[in-house]
Amino acid sequence: FMRTSSLIQESLQSIAVDITRILEISITEDDWKRYTKGDKGIFVRKLVGFRDKNKLPLIKQKFEKDSEFREYIDRFIAQYDNLLSKAAQGDHSGALAATFQTSDVGKLHTLLSKALGREI
């Protein structure tokens, strides 16, 4: 499970790079340096910082109008849901799922779901 979990999280972090690019969120040279030096969660954290209520409609609007953006969001949500499903299979106490839900990728999933009016 840990190997699969790690691969899914890496994929989620990679998708976050594309979502950040499409939303035209400012990316500094320092952000890229951190990313290339191993801080793969930098773009997820930038997106989580995007949770200002005034910005949530931008996500929904972009989702409705931009097919490339919609594809990335749908892929992110599907992979995250897969991660939670796999966590639940091996952990009946719910500790793993709770850990993922409070992680940066979990916070981003919550943000995207909220912006799109989806249940969490």
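Relevant structure appears above.
Residues numbered from 1 in each chain as written. Predicted model: local features only at pLDDT ≥ 70, side-chain atom pairs only at ≥ 80, totals over all residues. Heavy atoms only, no water.

Student: Sorry if this is basic, but what is going on with the pattern of salt bridges here?
Tutor: When the charged atoms of two side chains lie near each other, side chains of opposite charge can form a pair. Evaluation of the coordinates by the stated rule reveals eight salt bridges. With a closest N to O distance of 3.5 Å, Glu-29 and Lys-33 form a salt bridge. Separated by four residues within a single helix, Glu-29 and Lys-33 lie in helix α2 (residues 29-36), roughly one turn from each other. Note that Arg-118 and Asp-74 form a salt bridge whose closest N and O atoms lie 3.4 Å from each other. Of the two residues, Arg-118 is situated in the segment after α7 (104-116) and Asp-74 in helix α5 (residues 67-90); the sequence distance between them amounts to 44 residues. Overall, the relative accessible area of 35% leaves Arg-118 in the partly exposed class. Residue classification places Asp-74 among the partly exposed residues on the basis of a relative accessible area of 33%. Each of Asp-18, Arg-21 and Glu-68 takes part in salt bridges that share partners, so that together they form one network. (Salt bridge = Lys/Arg side-chain N within 4 Å of Asp/Glu carboxyl O. Helix = DSSP H or I, 4+ residues; strand = E, 2+ residues; numbered from the N terminus. Buried < 20%, exposed > 50% of the residue type's maximum accessible area, 1.4 Å probe, protein only.)

Student: Can you help me understand the packing of helix α4 (residues 56-65) against α7 in this one?
Tutor: The description of two helices packed together rests on the angle between their axes and the distance between the axes. Two elements in contact, α4 and α7, have axes whose closest approach is 8 Å; the angle formed by their N-to-C orientations is 75°. On the basis of their axis angle, the class for α4 and α7 is roughly perpendicular. Across the interface between the two elements, Leu-56, Ile-59, Lys-60 and Phe-63 of α4 pack against Leu-111, Leu-112, Lys-114, Ala-115 and Leu-116 of α7. (Axes fitted to C-alpha atoms, helices over the stretch in contact; angles between N-to-C directions. Parallel < 35°, antiparallel > 145°, perpendicular 65-115°, else oblique. Contact = heavy atoms within 4.5 Å.)

Student: Help me out: how do you make sense of the packing of aromatic side chains in this one?
Tutor: A ring pair, where both rings are aromatic, is described by two values, the distance of the centres and the angle of the planes. For the structure shown, the criterion picks out three aromatic pairs. A ring pair is formed by Trp-32 and Phe-43, whose centres lie 5.0 Å apart and whose planes are at 55°; its orientation type is tilted. Here the residue Trp-32 occupies a position in helix α2, and Phe-43 occupies one in helix α3 (residues 42-48), the gap between them amounting to eleven residues. Its relative accessible area of 39% is what places Trp-32 among the partly exposed residues. Looking at Phe-43, the relative accessible area reads 0%, which means it is buried. Between the aromatic rings of Tyr-35 and Phe-43, the centroid separation amounts to 5.3 Å while the plane-to-plane angle is 65°, which identifies the pairing as edge-to-face. In this structure an aromatic cluster arises from ring pairing among Trp-32, Tyr-35 and Phe-43. (Phe/Tyr/Trp six-rings, centres within 6.5 Å; stacked < 30°, edge-to-face > 60°.)

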